[in-house]
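Here's the letter readout for the chains.
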Amino acid sequence: MILLKYTVVLLILAIGLIQARLRVDKEWPGGFQGAIEIPIVNQINNGWELEIQFDRSVTIDAWLGDLRSKFEDQIFKYGNKEWNAQLASGSVFHFEFVVNGGGIPSSIITILFNGQSVNIDSDIVILPGSTINPTGSTPTFETENLSTINPTGSTPTFETENLSTINPTGSTPTFQPEDLSTTSIISIVNDKYNYGAVLHASLLFYEAQRAGKLPTNNRISWRSDSMLMDKGENGEDLTGGYFDAGDFVKFGFPMAAFTTLLAWGVIDYKDAYVKSDEFDQVLQALRWSTDYFIKAHVSEREFYGQVGDGHADHASWSRPEDWTNPRPAWKVTVQKPGSDLVGETAAALAATSIVFRSVDPEYQSILLTHARQLYDFANENRGKYSDSITNAADFYRSWSGYGDELAWAAAWLLRATGEQRYQIDVEKHFQEFGLDKRSNEFSWDDKTAGVQVLMAKITQQAKYRQQAESFCNYIVRQAPKTPKGLVFLSQWGALRHAGNVAFICLQAADVGINTQEYLDFASRQINYMLGDSGRSYVIGFGQNYPQRPHHRSSSCPSRPAVCDWNAYNSPQANPQLLIGALVGGPDQNDNYEDRRDDYIKNEVATDYNAGFQSAVAGLLHYQSK
């Protein structure tokens with residue numbers, strides 16, 4: 001068990017009349033991790049140089065610049081990489097680094113940015129710390145008589161037989177960091193809904209979707225070990241991972257897609273998870289995916305992309321714990337490639353490696369090794385995965401092709417490593433596959449808008465910023481809306497699509513693109529799902545939430561009672577409460593019926609919650625400002 005003391009320290013820095021910020025995310029004996037956050041007032045076109053001087057010898061690891069010189073391990077001079085030589089006016093440059101060898105924040109004595117002196121003010125704000133245990137036990141929950149989830153920010157004790165509503169308007173523990181920057185702080189996000197309680201609930205949904213051998217701290221009383229017979233063609237262990245939706249197939253493509261999206265939200269809105277005491281839980285949720293991906297990557301160019309026959313699975317209505325028949329497993333290889341599946345998995349592993357960088361460096365290194373290998377496999381052995389794993393084609397066909405996933409994977413490896421080869425590859429993929437176009441959605445299948453916004457965030461280059469703005473302007477200003485204001489991009493899982501674009505446009509807002517407008521939009525979409533529409537669409541949260549989701553295991557009576565199609569046909573509410581699941585949602589006129597047989601409006605899925613959860617984290621991040 002690894003325990004790290006987590007604190008956030010904000011130090012005021014002044015660059016002339018411009019205030020910047022030294023953010024210290026974490027300290028440990030002999031080192032710390034943080035970033036120098038510098039508001040860019042005037043456009044920088046010809047590169048930048050940053051010099052940091054310490055009052056003692058230290059080691060420093062920085063991945064967003066090239067080390068040009070150092071003197072006696074005390075003075076370090078960094079210059080831009082080719083891909084971040086341009087910094088847009090109005091943006092904030094985050095120079096991230098890790099210091100070891102005895103350094104502490106106050107040991108920084110001089111900072112120069114493009115020759116201008118940065119003076120450290122004496123004011124320090126220390127935000128409340130917490131203990132991180134990324135792989136250890138989770139809070140224990142009683143499981144006999146479930147009471148209301150406490151939305152006050154503390155991890156609630158509850159039992160799972162008689163769950164009542166999560167209170168959506170309760171208070172959470174708050175900390176108000178002093179506004180240390182002269183850049184505008186957006187404070188439009190109100191406290192109408194308790195976003196911390198929503199994060200808590202959503203992570204419980206992911207826990208309910210786990211396959212394999214469950215840990216002793218499993219919090220879902222009606223779930224236990226399942227599908228322990230899952231194996232590859234040569235007996236490889238393929239237990240673990242997540243069930244996709246209301247069924248029990250492990251579809252690798254959407255599993256990787258939701259993992260990337262969850263990781264992105266943790267990377268950029270980590271403070272929201274810390275504030276809501278959910279950081280440890282989201283680490284475990286991510287690792288449940290990535291541990292499975294590592295198992296599925298059985299050799300450098302072999303990857304298992306699906307376990308379970310979708311047709312056989314959908315012909316049954318039962319618990320996963322009751323399934324005893326062996327299940328088929330399909331893989332992609334050099335001869336049967338799957339660039340979209342493999343590329344998305346590389347992106348998920350690279351993104352998650354960033355999350356674990358300061359928490360578990362050894363695990364981070366393992367994730368990056370697999371991410372690099374899988375990206376090379378995807379790029380050098382090209383093909384659509386649904387042509388190779390034909391069973392997947394009826395459920396998660398790759399409609400958009402694999403070009404977007406190749407660029408997506410390269411972009412995430414660029415962010416994770418800072419290596420120029422990945423920047424070059426992203427640009428090649430953009431040209432080859434025409435990824436500068438405007439998409440009409442962001443989904444498990446189409447990553448085009450995501451990679452445009454991600455590259456805008458990484459590079460600040462004008463072309464990517466323009467592409468990101470084009471997409472979000474369409475979504476916010478032109479895309480169809482329901483009478484109550486939900487952006488309506490597809491009838492199948494309408495809320496999933498709205499949550500995805502809410503998150504993507506929050507990311508665009510982060511880099512100064514129409515910030516107020518996009519934050520307002522994201523807030524409207526998420527609050528629609530939480531109750532502004534007149535009901536909650538998140539099970540167990542708010543008022544009049546769905547009680548009959550199209551979801552097998554939660555529709556089953558408590559064991560040992562038999563579960564079969566009678567459970568599907570029952571007009572009664574599901575006996576088990578699937579806390580935190582976001583259902584598909586209404587039609588284009590805001591009409592919705594809580595019917596188990598309506599898998600378009602009332603099914604749940606792991607990819608439905610990912611963009612939604614990350615958008616909620618983003619809103620809590622801005623609310624905390």
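Whatever comes next refers back to the structure up there.
Predicted model only: the values in this text are computed from it and were never measured. (Residues numbered from 1 in each chain as written. Predicted model: local features only at pLDDT ≥ 70, side-chain atom pairs only at ≥ 80, totals over all residues. Heavy atoms only, no water.)

**Things to note about the pattern of salt bridges**
- Going through the model one piece at a time under the given rule, you end up with 31 salt bridges.
- In this structure, Lys 77 and Glu 51 form a salt bridge, with 3.7 Å as the shortest nitrogen-oxygen distance. Pair noted here: Lys 77 is in strand β7 (residues 75-80) and Glu 51 is in strand β4 (residues 49-54), with a separation of 26 residues, a long-range link.
- In this structure Lys 77 comes out as partly exposed when scored by relative accessible area, which is 25%.
- Here Glu 207 ties to Arg 219 by a salt bridge, and the two come within 3.0 Å at their closest N and O atoms. Taken together, the positions of Glu 207 in helix α1 (residues 195-208) and Arg 219 in the loop between α1 and β11 (250-251) put the pair 12 residues apart, joining distant regions of the chain. (Salt bridge = Lys/Arg side-chain N within 4 Å of Asp/Glu carboxyl O. Helix = DSSP H or I, 4+ residues; strand = E, 2+ residues; numbered from the N terminus. Buried < 20%, exposed > 50% of the residue type's maximum accessible area, 1.4 Å probe, protein only.)

**Quick look at the layout of surface pockets**
- For the second largest pocket, the calculated volume is near 720 Å³.
- In terms of lining residues, the second largest pocket is bounded by 29 residues, among which Asp 394, Phe 395, Tyr 396, Trp 492 and Glu 603 are the most central.
- Residues of the lining of the second largest pocket, tallied by class, amount to 14 nonpolar, five polar and 10 charged. (1 Å grid on protein atoms, 1.4 Å probe; cavity = no way out; pocket = protein on both sides within 12 Å on 5 of 7 lines; lining within 4 Å. Points joined across faces, edges and corners; volume = space filled by probe spheres on them. Nonpolar A, V, L, I, M, F, W, Y, C, P; charged D, E, K, R; others polar.)

**Quick notes on empty space enclosed by the protein**
- Here the structure, examined in full by the defined rule, presents five cavities of 30 Å³ or more.
- If you add up the space inside the largest cavity, you get close to 90 Å³.
- Lining the largest cavity are 13 residues, with Ala 257, Phe 258, Leu 261, Ser 443 and Trp 444 sitting closest to its centre.
- At four residues, helix α2 (residues 252-268) tops the list of elements feeding residues into the lining of the largest cavity.
- Considered class by class, the residues forming the lining of the largest cavity number eight nonpolar, two polar and three charged.

**Some points on α2**
- With 17 residues, α2 should cover 24 Å at 1.5 Å per step; its first-to-last C-alpha distance of 25 Å lies within 8% of that length.
- Within α2, 16 of the 17 residues are buried, which leaves the element mostly enclosed by the surrounding structure. (Expected span 1.5 Å × (residues − 1).)

**Topic: the packing of helix α11 (residues 420-433) against helix α12 (residues 448-459)**
- It is at 13 Å that the axes of α11 and α12 come closest, and there the two elements cross at 145°. The crossing of α11 and α12 is left-handed. In contact with Gln 423, Val 426 and Phe 430 of α11, α12 contributes Val 451, Gln 452, Met 455 and Thr 459.
- Residue classes in the contact of α11 with α12 are distributed as four nonpolar, three polar and no charged. (Axes fitted to C-alpha atoms, helices over the stretch in contact; angles between N-to-C directions. Left-handed = near helix turned anticlockwise from the far one by under 90°. Contact = heavy atoms within 4.5 Å.)

**Focus: the environment of Ile 389**
- In this fold, Ile 389 is placed in the loop between α8 (385-388) and α9 (393-396).
- Classification of Ile 389 as buried rests on a relative accessible area of 0%.

**Some words on the state of the cysteines**
- Taken as a whole and assessed by the stated rule, the structure comprises two disulfides.
- One disulfide in the model links Cys 556 with Cys 563; its S-S distance is 1.9 Å. Where Cys 556 bonds to Cys 563 through sulfur, the torsion about that S-S bond is close to -65°, and the disulfide is left-handed.
- Assessed through its relative accessible area of 1%, Cys 556 is described here as buried.
- Classification of Cys 563 by relative accessible area gives buried; the value is 8%.
- The connectivity of the disulfide-linked cysteines in the protein chain, indexed sequentially, is 1-2, 3-4. (Disulfide = S-S within 2.5 Å.)

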